[in-house]
Structures are given as C-alpha cells and as structure tokens.
Amino acid sequence: MGWINKIRTIVFVSILAVVTSCSVSYKFNGASIDYSQTKSIQIAEFPIRSSYVWGPMGPLFNNQLKDQFADHTRLELVKRNGDLKLEGEITRYEQRNKSVSAEGYSAMTELSMTVNVRFTNNKNHNEDFEEQFTASQSYETTQSLNSVQEELVTKMVKDLCDQIFNRAVANW
C-alpha cells in the first residue's frame, strides 16, 4: 500500500505543478494596456459639428467617454501630453424613417449619431487611427422625439463610447 500513496503523491504534485505553471489572465473590461509604458490619456472635448443638434448630447458624450476610460483603465486623465490621445467631433445626429406600416405611414423612426475619432498612441504610432463610429436607436413613430430623445441618446452615447474604447485599447 505504500507505493500507491507514493504514486498518488507524485500524480498530485505533477498536477499541481502543471496547474500552477499555466496561468491565464482575463480582463473583463477588455483593455490590454502595457501600464509600464502607457500611463496617461488625453481626451479632448468633442464639439458638435452636426447640423441637427440636441443640446445635452455634447456634454453627455464627453463625460461618458472620460468616465469609460477612468472606470476601465488605470490611465491618468491629463490635459496635455498624454501617452494616448483621443480627439474628434460629433459629425452627425439625424433621424430617418425606418419602416412603413400597412397603411403606408412611417411606423418606426431611427435616430443615429456619428462621431469622428482621431486616436494617437504616442508610445506606438502604428496603433494611431482616424475612424468614424455610428450608433443608432429606433422608436415608434407614434412617440414624439422629445419624449424618447434623452433615453435614446444615452444608449447611443454608451454604445459609441464602448466602440471607441474597444478600438483604442482593447486590441481584440
């Protein structure tokens, strides 16, 4: 019976060695940043360049974008000379008919928002990009835009900030 205990001990130690030598690191926020080199981010205010505007849209977007990076990274938000830099503008905010009812009237309206983003990685310029991101939400035409606008813009802003965050620092 002594040799069975020795075999169990060897198997247990072997399994333990394999398990501890193989480790996988998961980051649930999706950020893959080398914090030994990248320590700060500069996020400029994104002005509204769209011909159609809803007043609170700009501050809502700018605050959400800064919060996204503050909540999901250890990067310090700086006013200038950031290791990473985000700037751009809100270029479109529009609504259009999405579907038609059996009576021939518009049944759904789609509200969309587009943001042009310039990203600069001062530690690795191969990761620099300029890209447009768009988010949209639909609502029934029987509802007025004023009654749903805040909720829909909030959802679109969250979606846009997720897209920008993932493109800038997730490296999927």
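None of the values given here were measured: they were computed from a predicted structure. The residue numbering used here restarts from 1 in each chain and proceeds along that chain's sequence as written. Given that this is a predicted model, residues contribute local features only at a pLDDT of at least 70 and side-chain atom pairs are listed and counted only at 80 or more, while totals for whole chains, interfaces and linings are drawn from all residues. Side-chain metrics in this entry use all non-hydrogen atoms of the structure; hydrogen atoms and water are not considered.

Chemist: Whenever I open this one, the packing of helix 2 (residues 57-72) against helix 3 (residues 145-170) confuses me. Can you help?
Modeler: Every axis in this analysis is a line fitted to C-alpha atoms, fitted for helices over the stretch in contact. Angles between the N-to-C directions lie between 0 and 180 degrees. Note on conventions: DSSP H or I runs of at least 4 residues are helices, E runs of at least 2 residues are strands, and numbering of each starts at the N terminus. In the contact formed by helix 2 and helix 3, the axes pass within 9 Å of each other and the chain directions differ by 45 degrees. The orientation of helix 2 with respect to helix 3, classified from their angle, is oblique. The handedness of the crossing between helix 2 and helix 3 comes out as right-handed. Note on element contacts: helix 3 touches helix 2 through Val153, Thr154, Val157, Lys158, Leu160, Cys161, Asp162, Ile164, Phe165, Ala168 and Val169, opposite Met57, Leu60, Phe61, Gln64, Leu65, Gln68, Phe69 and His72. Under the convention adopted here, Pro, Cys and the residues Ala, Val, Leu, Ile, Met, Phe, Trp and Tyr are nonpolar, Asp, Glu, Lys and Arg are charged, and Gly plus all remaining residues are polar. Of the residues that constitute the contact of helix 2 with helix 3, the class distribution is 13 nonpolar, 4 polar and 2 charged. Each angle gets one of four labels, with under 35 degrees taken as roughly parallel, over 145 as roughly antiparallel, 65 to 115 as roughly perpendicular, and the rest as oblique. The handedness criterion is simple: a crossing whose near helix is rotated anticlockwise from the far helix by less than a right angle is left-handed, and one whose near helix is rotated clockwise is right-handed. When checking whether two residues touch, look at their non-hydrogen atoms; a contact exists if any pair is within 4.5 Å.

Chemist: I keep staring at the pairing of strand 1 (residues 40-43) and nothing clicks. Help me out?
Modeler: Two faces make up the sheet, and in a regular strand the side chains alternate between them. Classification of residues uses two cut-offs on accessible area relative to the type maximum, computed with a 1.4 Å probe and protein chains only: under 20% is buried, over 50% is exposed, and between them is partly exposed. Side-chain alternation along strand 1 places Ser40 and Gln42 on one buried face and Ile41 and Ile43 on a second face that is also buried. Pairing analysis gives 3 bridges linking strand 1 to strand 2 (residues 76-78), with the strands arranged parallel. For Gln42, the partnering residue across the bridge sits in strand 2 and is Val78. Regarding topology, helix 2 serves as the crossover connection from strand 1 to the parallel strand 2, and that connection is right-handed. The rule for pairing is simple: two strands pair if DSSP sees at least two bridges between them. Across 3 bridges, the pairing between strand 1 and strand 3 (residues 84-100) is parallel. Paired with Gln42 across the bridge in strand 3 is Lys85. The handedness rule is simple: strands pointing away from the viewer, and a clockwise path from the first strand over the helix to the second, make the crossover right-handed.

Chemist: Which parts of the structure should I look at to understand helix 2?
Modeler: The periodicity of an α-helix, 3.6 residues per turn, causes residues three or four places apart in sequence to face the same way. To estimate the expected span of a helix, subtract one from its residue number and multiply by 1.5 Å. The end-to-end C-alpha distance of helix 2 is 22 Å, a good match for the 22 Å that 16 residues give at a rise of 1.5 Å each. Considered for burial, the residues of helix 2 that qualify are Met57, Gly58, Phe61, Asn62, Leu65, Lys66, Gln68 and Phe69. Axial view of helix 2: buried residues confined to an arc of 155 degrees, hence all on one face. Contacts from the buried residues of helix 2 go to strand 1, strand 2, strand 3, strand 4 (106-121) and helix 3. In this description, the arc belongs to the directions extending from the helix axis to the C-beta atoms.

Chemist: In this structure, what is going on with the nonpolar core? I would like to understand it.
Modeler: Across soluble globular proteins, nonpolar side chains have a tendency to be buried as a group. Ranked by internal contacts, the top residues of the largest apolar core, which has 35 residues, are Phe61, Leu65, Phe69, Leu86 and Met113. Those elements giving two or more residues to this core turn out to be strand 1, helix 2, strand 3, strand 4, strand 5 (129-140) and helix 3. Broken down by element, the residue count for this core peaks at 12 residues, all from helix 3. As used in this record, nonpolar core signifies buried Ala, Val, Leu, Ile, Met, Phe, Trp, Tyr and Cys residues forming a set joined through side-chain atoms within 4.5 Å.

Chemist: How should I be thinking about the side chain of Asn121 in this particular structure?
Modeler: Mapped onto the secondary structure, Asn121 falls in strand 4. With relative accessibility at 5%, the residue Asn121 sits in the buried group. Excluding anything up to four places from it in sequence, Asn121 contacts Asp83, Leu84, Glu127 and Asp128.

Chemist: It is not clear to me how the packing of aromatic side chains should be interpreted in this structure. Could you clarify?
Modeler: The geometry of an aromatic ring pair is captured by the separation of the ring centres together with the interplanar angle, meaning the angle of the planes. Centre distance within 6.5 Å is the pairing criterion for rings of Phe, Tyr and Trp, where only the six-membered ring of Trp is used; planes under 30 degrees apart are then read as stacked, over 60 as edge-to-face, and the remainder as tilted. Here the structure, examined in full by the defined rule, presents 5 aromatic pairs. Look at Phe119 and Phe129: their rings are 5.2 Å apart centre to centre, the planes differ by 25 degrees, and that puts the pair in the stacked class. With Phe119 in strand 4 and Phe129 in strand 5, this pair connects stretches of sequence that are 10 residues apart. Of the two residues, Phe119 and Phe129, neither departs from the other in class, the shared state being buried.

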